[in-house]
Amino acid sequence: MRALLVVNPKATTTSGRTRDVLIHALRSDLKLDVAETQYRGHAGDLARQAAEDGTVDLVVALGGDGTVNETVNGLLAHGPGERVPRLAVVPGGSTNVFARALGLPNDPVEATGALLDALEHRRERAIGLGKALTAGEPDRWFTFTAGLGFDAGVVGRVERQRRAGRKSTHALYVMEALRHYVTEREHRRSGPITLEINGREPVPGMVMTIVSNTSPWTFLGSRPVFPSPSASFETDLDIFGITRMTAFRTARTVRQILRPQPSAEDGTRPAGPAGKHVVSYHDVRHFTLVSQEPVPFQVDGDHLGDRSRVSFTGVRRALRVIV
């Protein structure tokens, strides 16, 4: 199988020596070319070129969720289709939500072993993805989450800390979330965001909106976080929102999204967060988030700036992934 390995040399949890070992292991089973990313968006450019040239059957992304997102957007630059190369992921970031949601080991060496085993036994999976559209901009695919409002503001704060030289850790996210909560007093009581779904009454006043393509939404260390526990790669998109963030109600919601979710063997949906100010929808194909003023926007943990209107679509079986 012809393959391209897209490597983020700045990936949080992989050293140069580890990458050399992984490349050697992959070359034992693949006709492999290796390309290191050199700038933001480079992984997307490499994947798009591979898809357009038709020269590879598989693109392997070695890096964190940002590298995976860029790679996916490159592969799907012209939309899904049978000629799009398959995707494989070797986790190298600090959290690796997408890889872990697929059931892959979080250790890059173990994940490489799992990838080689999947290739040997021809295991692949067609997964659904989310797509976000902002007027005047290209569509942006996301693999596990997008957000408008409070959570995207936290992502933006973390990115500023990283540019200042701080290492991305779960503790940094928690600290910046607390700081953001303290500084965003005006929007905590009455948010500017309205959810619009065709055929339903608009839901105004949202402070935070999380769009999920799978579950969990993220991890705090080894602990998964479940704002939309029924979200799945096999369904369309789930929506979780909060219309008021008082200290008591926010603490209650945090406890709910951190509690373990039992498997629903009888086909029922796992219990998600509930409460007077919680908004929750499951398996929605099309909807729009509209804000009275520009607010932070993120996809797959990548802060994209402020937006006033973003439309979302769930696309089933959008990409084939080696698992």
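It should be emphasised that the depicted structure is a prediction, and the values quoted were computed from it without experimental measurement.

Student: How should the packing of aromatic side chains be read in this particular structure?
Tutor: Aromatic ring pairs are reported here in terms of the distance separating the ring centres and the angle at which the planes meet. Enumeration according to the criterion identifies four aromatic pairs in this entry. Ring centres of F98 and F233 lie 5.8 Å apart, and the angle between their planes is 85°; this geometry places the pair in the edge-to-face category. In this pair, F98 is assigned in helix α4 (residues 97-101) and F233 in the loop between β12 (223-225) and β13 (237-242), connecting sequence segments 135 residues apart. In this pair, the class of F98 matches that of F233, namely buried.

Student: What exactly am I supposed to notice about the nonpolar core here?
Tutor: In this structure, V72, L87, F98, L129 and L319 are the most contacted members of the largest nonpolar core, which totals 33 residues. Of all the elements in the fold, those that place two or more residues in this core are β1 (2-7), α2 (42-53), β3 (58-63), α3 (65-75), β4 (86-91), α4, β5 (124-133) and β16 (302-322). In terms of nonpolar packing, the next biggest core, distinct from the first, is built from 22 residues, F142, V203, L237 and F287 among them.

Student: Just to check I follow, could you spell out the domain arrangement of the protein chain for this structure?
Tutor: Quoted interface sizes are often the accessible area lost when the parts come together. Split into domains, the protein chain comes out as domain 1 (2-122) and domain 2 (132-322). On a C-alpha basis, the centroid separation for the pair domain 1 and domain 2 is 25 Å. Facing 28 residues of domain 1, the contacting portion of domain 2 comprises 29 residues. Summed over both sides, the interface between domain 1 and domain 2 buries roughly 2500 Å², with carbon and sulfur atoms accounting for 62% of that surface. Together, N69, V97 and R100 form the three largest contributors to the area buried by domain 1 at its contact with domain 2, with a combined 20%. For the pair domain 1 and domain 2, the number of links is two salt bridges. For the side of domain 1 that touches domain 2, the element with the most residues is α3, which contributes six residues.

Student: Is there a simple way to explain the packing of helix α6 (residues 150-163) against helix α7 (residues 170-183) in this structure?
Tutor: In a pair of packed helices, the angle between the axes and the distance between the axes together describe the arrangement. For the pair α6 and α7, interaxial distance at closest approach is 9 Å and the crossing angle is 120°. By the angle class used here, α6 and α7 are oblique. The handedness of the crossing between α6 and α7 is right-handed. Across the interface between the two elements, F150, G153, V154, R157, V158 and Q161 from α6 touch L172, Y173, E176, A177, R179, H180, Y181 and T183 from α7. Of the residues assigned to the contact of α6 with α7, the class counts are seven nonpolar, four polar and three charged.

Student: Got a minute to help me understand the pairing of β5 in this structure?
Tutor: It is a general feature of regular strands that their side chains alternate between the two faces of the sheet. Relative to β16, β5 is paired through nine bridges, and the arrangement is antiparallel. Within β16, the residue paired with A126 across the bridge is R320. Sheet topology note: the β5/strand β6 (residues 140-142) ladder contains three bridges and is antiparallel. Looking at the pairing, A132 lines up with R140 of β6.

Student: I keep staring at the UniProt feature "domain: DAGKc" (unreviewed entry) in the protein chain and nothing clicks. Help me out?
Tutor: UniProt records the feature "domain: DAGKc" (unreviewed entry) for residues 1-136 in the present numbering. From the first C-alpha to the last, residues 1-136 spans 38 Å; its make-up is 39% helix and 25% strand.

Student: Explain the side chain of T288 to me, please; I cannot follow it from the model alone.
Tutor: Note that T288 resides in strand β15 (residues 286-299). Side-chain polar atoms of T288 contact the side chain of S311, separated by 3.0 Å. When neighbours within four sequence positions are excluded, T288 is seen to be in contact with T194, L195, E196, R309, V310 and S311.

Student: Help me out: how do you make sense of the layout of surface pockets in this one?
Tutor: Space left empty within the atom packing is revealed by a probe, the size of a water molecule, rolled over the atoms. Taken as a whole, the second largest pocket spans an internal volume of roughly 290 Å³. For the second largest pocket, the lining is made up of 18 residues, of which R48, E70, N73, G74 and R140 are closest to its centre. Every element with two or more residues in the lining of the second largest pocket is listed here: α2, α3 and β6. Top element by residues in the lining of the second largest pocket is α3. It accounts for four residues. Here the residues of the lining of the second largest pocket sort into four nonpolar, seven polar and seven charged. Residue assignment places the lining of the second largest pocket across two domains, with domain 1 (2-122) and domain 2 (132-322) each supplying three or more.

Student: Before we go on, may I ask you to explain the packing of α2 against α3 in this structure?
Tutor: It is at 7 Å that the axes of α2 and α3 come closest, and there the two elements cross at 30°. Pair α2 / α3 crosses with right-handed handedness. For the pair formed by α2 and α3, the contact residues are H42, A43, G44, A47, R48 and A51 on the first element and T67, E70, T71, G74 and L75 on the second. Of the residues belonging to the contact of α2 with α3, the class tally is four nonpolar, five polar and two charged.

Rules of the game
- Residues numbered from 1 in each chain as written.
- Predicted model: local features only at pLDDT ≥ 70, side-chain atom pairs only at ≥ 80, totals over all residues.
- Heavy atoms only, no water.
- Phe/Tyr/Trp six-rings, centres within 6.5 Å; stacked < 30°, edge-to-face > 60°.
- Helix = DSSP H or I, 4+ residues; strand = E, 2+ residues; numbered from the N terminus.
- Buried < 20%, exposed > 50% of the residue type's maximum accessible area, 1.4 Å probe, protein only.
- Core = buried A, V, L, I, M, F, W, Y, C linked by side-chain atoms within 4.5 Å.
- Domains from an automatic or database assignment.
- Contact = heavy atoms within 4.5 Å.
- Buried area = accessible area lost by both parts, 1.4 Å probe.
- Salt bridge = Lys/Arg side-chain N within 4 Å of Asp/Glu carboxyl O.
- Axes fitted to C-alpha atoms, helices over the stretch in contact; angles between N-to-C directions.
- Parallel < 35°, antiparallel > 145°, perpendicular 65-115°, else oblique.
- Left-handed = near helix turned anticlockwise from the far one by under 90°.
- Nonpolar A, V, L, I, M, F, W, Y, C, P; charged D, E, K, R; others polar.
- Pairing = 2+ DSSP bridges.
- UniProt positions renumbered as here; feature names shortened; annotations may be inferred.
- Polar contact = N/O pair within 3.5 Å; in protein donor to acceptor, adjacent residues only side chain to side chain.
- 1 Å grid on protein atoms, 1.4 Å probe; cavity = no way out; pocket = protein on both sides within 12 Å on 5 of 7 lines; lining within 4 Å.
- Points joined across faces, edges and corners; volume = space filled by probe spheres on them.

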